[in-house]
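Inside the fold
The chain contents come next:
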Amino acid sequence: MKEQRVQRQAIRGHVLSVASECVPLLKTGGLADVVGALPGALAARCWDMRVLMPAYRGLAAQLDGAEEVWTGKALFGGPAMVLKGRVDEMEVMLLSAPHLYDRDGGPYGKAGADYPDNAERFAALSWVAAEIARDGLGDGWRPDILHAHDWQGGLAPAYLRYGPPTKVKSVVTIHNIAFQGLAPAAKLAALKLPAGEFTSKGLEYYGQISALKAGLVTADAITTVSPTYAEELMRPEFGMGLQGVIAARAARVRGILNGVDTAGWDPAADSAAVPYDAARMAGKAENRKRLIAEFGLGDVPGPLAIVVSRLTGQKGVDLIPEVLEDFVALGGGLVVLGTGDAALEAAMRAAAERFPGRVGVKIGYDEALSHRMFAGADAVLVPSRFEPCGLTQMYGLRYGTIPVVAATGGLADTVITASPMAVATGAATGIAFHPTDALALGQALRRLCQLHANPETWAGLQGAAMRQPVGWESSSAAYAALYAELLA
Ligand code: ADP
Ligand code: GLC
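Residues numbered from 1 in each chain as written. Chains lettered and ligands numbered in written order. Predicted model: local features only at pLDDT ≥ 70, side-chain atom pairs only at ≥ 80, totals over all residues. Heavy atoms only, no water.

Here the focus is the overall build of the protein chain. Assigned secondary structure in the protein chain consists of 19 helices and 20 strands. The C-alpha radius of gyration computed for the protein chain amounts to 23 Å, which stays within 12% of the reference 23 Å derived for 488 residues, consistent with globular compactness. For the protein chain, the spread of C-alpha atoms along the three principal axes comes to 65 × 55 × 45 Å. Across the protein chain, contacts joining residues at least 24 apart in sequence account for 72% of those joining residues at least 6 apart. A total of about 19,800 Å² of accessible surface is found on the protein chain, and carbon and sulfur atoms cover 54% of it. Averaged over its 44 positive side-chain charges, the protein chain has a centre that lies 4 Å from the centre of its 49 negative ones. (Helix = DSSP H or I, 4+ residues; strand = E, 2+ residues; numbered from the N terminus. Rg over C-alpha atoms; globule rule 2.2 N^0.38 Å. Contact = heavy atoms within 4.5 Å. Areas by Shrake-Rupley, 256 points an atom, 1.4 Å probe, with all protein chains shown as cover. Lys, Arg positive; Asp, Glu negative; His and termini not counted. Charge placed at Lys NZ, Arg CZ, Asp CG, Glu CD.)

Written out as structure tokens, the structure is:
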């Protein structure tokens, strides 16, 4: 009792985080990891954060101790309520609105096509978040800050701003500017948006409504998930049309690097593999053998590389087949795990057929296999064309699985490239190449083979990689500092 009171006194503020996905309930990409990790990381800094996400089919049943904390009679065409409960160690709030979320498909669409009412589905989520921010919940909880993620939460700061004045501050975080939540102007009224805000300074984007832009122009602060991406976003090559909007608010833009879950990604305690650490690398050698056997590969005398990724244009994986012949000739091997665009899936399968014994591919999403891959491989390839942060290069660092990355966004911020000087001083943790094209990727793989061929150099790289901090410590401090500034 006493301890609880002390904790409550120490709380610096309450934050409502609103997003379309969250680990452990639902994940299609890194967004879910980050949204799921922030409440724990911030609790350690005395910020009380609750996550609100949609109750997609089957999710409400996973809540322990579910309690109704908000009710809405007619939310965008049907009844709705917010359930608060626990899943694993985490407290979450689910917006149950069966007409919007109880569907037999994915969170965003079915059979490769987006749901036609996605604008309404995520406007509803944002609307409820703004209502909660303004009026609090049935259990007495009231946020001081509304923190929205990506376009699906983008309208939340906007609804807050367009309503009666409030002391609640808002933050919008860009995880990926490629998705902007565009909707036809004809939906303005249906989305409860004031017609007067449909201007180029407001939420209008080339004649359409943009949920992300609405958030960017109304939030008190804008963050993105790495310092380099924050700078890149203000340039036409990366801003995807929103560079001017972001540059105009540069003073309010901050890049805060993601962390990874260092308990879930720990080579010394990973149930999917033989444990190892920087001082005892024998386990990694055994994991390598097992991975080679699992994919039916033969002898791989050079570095064994992996790719664990969505297979989309962003990730640059289409460049890999172009450089494989050289890499394989130098002794390299490759194992790919991913799903996505049909053409890229086919290109990966074709690569495996072209280089039997050296290239293995599994099309699918498989968390446990991804752990076995990081534990067993020598290197992880992330040749992204743009990468707001990226998590897999950080798993690579932690597992002594050397990241070979395009020098963009969070990849540039997390990998210290193996220049001769960085190798000589023991600082190097990976290879970063630029630009994202087959020539530069091919050169990076050649460098990888050279480094791998020298056992002393290689051990130095692995040691430095495994010592690099990739947890949430400094990032949670940065979010806490931002929240404190907003409330000051
Ligand atoms: P993005 O969110 O752009 O896809 P990130 O690197 O931030 O990229 O996060 C991707 C997350 O999804 C990582 O946790 C990665 O391990 C995981 N992941 C991606 N594809 C797969 C897959 N096919 N199987 C297992 N995990 C995957
Ligand atoms: C997005 C980005 C990725 C980032 C993730 C979490 O999915 O593509 O780079 O790591 O969000 O912030």
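We now examine the site of ligand 1. Neighbouring ligand 1 are 19 residues, the closest being Lys 27, Gly 30, Arg 310, Gly 364 and Tyr 395. Contact distances for ligand 1 include 3.0 Å between a nitrogen atom and a backbone N or O atom of Asp 366. In this structure, Leu 391 approaches ligand 1 through a main-chain N or O atom, which is 2.9 Å from an oxygen atom. For ligand 1, the accessible surface in isolation is 560 Å², of which the surrounding protein chains cover 92%. Looking at the shell around ligand 1, the elements that each hand over two or more residues are α2 (30-43), β15 (304-311), β16 (333-340) and α14 (392-398). Considering each element in turn, the shell around ligand 1 owes the most residues, 3 residues, to β15. By residue class, the composition of the shell around ligand 1 is 5 nonpolar, 8 polar and 6 charged. Domain assignment of the residues forming the shell around ligand 1 places at least three in each of domain 1 (2-259 + 473-487) and domain 2 (282-467). (Near = heavy atom within 4 Å. Polar contact = N/O pair within 3.5 Å; in protein donor to acceptor, adjacent residues only side chain to side chain. Nonpolar A, V, L, I, M, F, W, Y, C, P; charged D, E, K, R; others polar. Domains from an automatic or database assignment.)

Ligand 2 sits among 13 residues. The nearest are His 175, Asn 258, Glu 387, Cys 389 and Gly 390. At 3.5 Å from an oxygen atom of ligand 2 is found a main-chain nitrogen or oxygen belonging to Pro 388. Here Gly 390 contributes a backbone N or O atom positioned 2.8 Å from an oxygen atom of ligand 2. For ligand 2, whose free accessible area comes to 310 Å², the fraction covered by protein is 93%. Sort the elements by how many residues they give to the shell around ligand 2 and α2 lands first, with 3 residues. Per-class residue counts for the shell around ligand 2 are 5 nonpolar, 6 polar and 2 charged. No fewer than three residues from each of domain 1 (2-259 + 473-487) and domain 2 (282-467) sit in the shell around ligand 2.

The next point concerns the side chain of Glu 21. Examined against the element boundaries, Glu 21 turns out to sit in the loop between β1 (13-18) and α2. No salt bridge is formed by the buried Glu 21; its nearest oppositely charged neighbour, Lys 27, is found at 7.7 Å. Here the side chain of Glu 21 touches Thr 28 through a polar contact of 2.6 Å, landing on its backbone nitrogen. Engagement of the side chain of Glu 21 in a polar contact is seen with the backbone nitrogen of Gly 29, the distance being 3.1 Å. Setting aside its immediate chain neighbours within four residues, Glu 21 contacts Leu 26, Lys 27, Thr 28, Gly 29, Leu 31, Ala 32, Val 35, Met 53 and Tyr 108. (Buried < 20%, exposed > 50% of the residue type's maximum accessible area, 1.4 Å probe, protein only. Salt bridge = Lys/Arg side-chain N within 4 Å of Asp/Glu carboxyl O.)

This part takes up the sheet that holds strand β12 (residues 208-210). Spatially, β10-β12-β11 is the arrangement adopted by the 3 strands of the open sheet, whose pairing is antiparallel. The two strands at the open ends of the sheet, each matched to only one other strand, are β10 (182-184) and β11 (204-205). As paired elements, β11 and β12 share 2 bridges and run antiparallel to each other. Paired with Glu 204 across the two strands is Ile 209, which belongs to β12. In the packing of helix α6 (residues 211-218) onto the sheet, the strands contacted are β11 and β12, and the crossing angle to β12 comes to about 60°. (Pairing = 2+ DSSP bridges. Axes fitted to C-alpha atoms, helices over the stretch in contact; angles between N-to-C directions.)

With that out of the way, let us pick up the sheet that holds strand β8 (residues 145-149). Read from one edge of the open sheet, 9 strands run β3-β4-β5-β2-β1-β8-β9-β13-β14, paired in mixed fashion. In this open sheet, the two edge strands, each paired with only one partner strand, are β3 (64-72) and β14 (253-255). Pairs of neighbouring strands in the sheet enclose a mean axial angle of 25°, with direction left out of account. Pairing analysis gives 6 bridges linking β1 to strand β2 (residues 47-54), with the strands arranged parallel. In the sheet register, Ser 17 faces β2, and the bridge partner there is Val 51. Those strands touched by helix α4 (residues 118-135) are β1, β2, β3, β4 (80-87), β5 (90-96) and β8, and its axis lies near 150° from that of β2. Relative to strand β9 (residues 169-174), helix α19 (residues 473-487) is tilted by about 145°, and along the sheet it contacts β1, β2, β8, β9, β13 (221-224) and β14.

Attention shifts here to the domain arrangement of the protein chain. The domain architecture assigned to the protein chain consists of domain 1 (2-259 + 473-487) and domain 2 (282-467). Across the contact, 18 residues belong to domain 1 and 17 residues belong to domain 2. Across the domain 1 to domain 2 interface the summed buried area is about 1,200 Å²; carbon plus sulfur atoms make up 61%. For the domain 1 face of the interface with domain 2, the top three residues by lost area are Lys 27, Thr 228 and Leu 257, together amounting to 27%. Only α2 and α7 (227-232) provide two or more residues apiece to the side of domain 1 that touches domain 2. Counting residues per element, the side of domain 1 that touches domain 2 draws most heavily on α7, which supplies 4 residues. By residue class, the composition of the side of domain 1 that touches domain 2 is 7 nonpolar, 8 polar and 3 charged. (Buried area = accessible area lost by both parts, 1.4 Å probe.)

A word on unusual backbone geometry. Pro 24 follows Val 23 through a cis peptide bond whose omega is 10°. For Pro 24, the position within the fold is in the loop between β1 and α2. Between His 434 and Pro 435 the backbone carries a cis peptide bond, its omega angle lying at -5°. If you check the backbone angles, Tyr 206 has positive phi at about 45° while not being a glycine. Along the chain, Tyr 206 falls in the loop between β11 and β12. Owing to a relative accessible area of 71%, Tyr 206 belongs among the exposed residues under this scheme.

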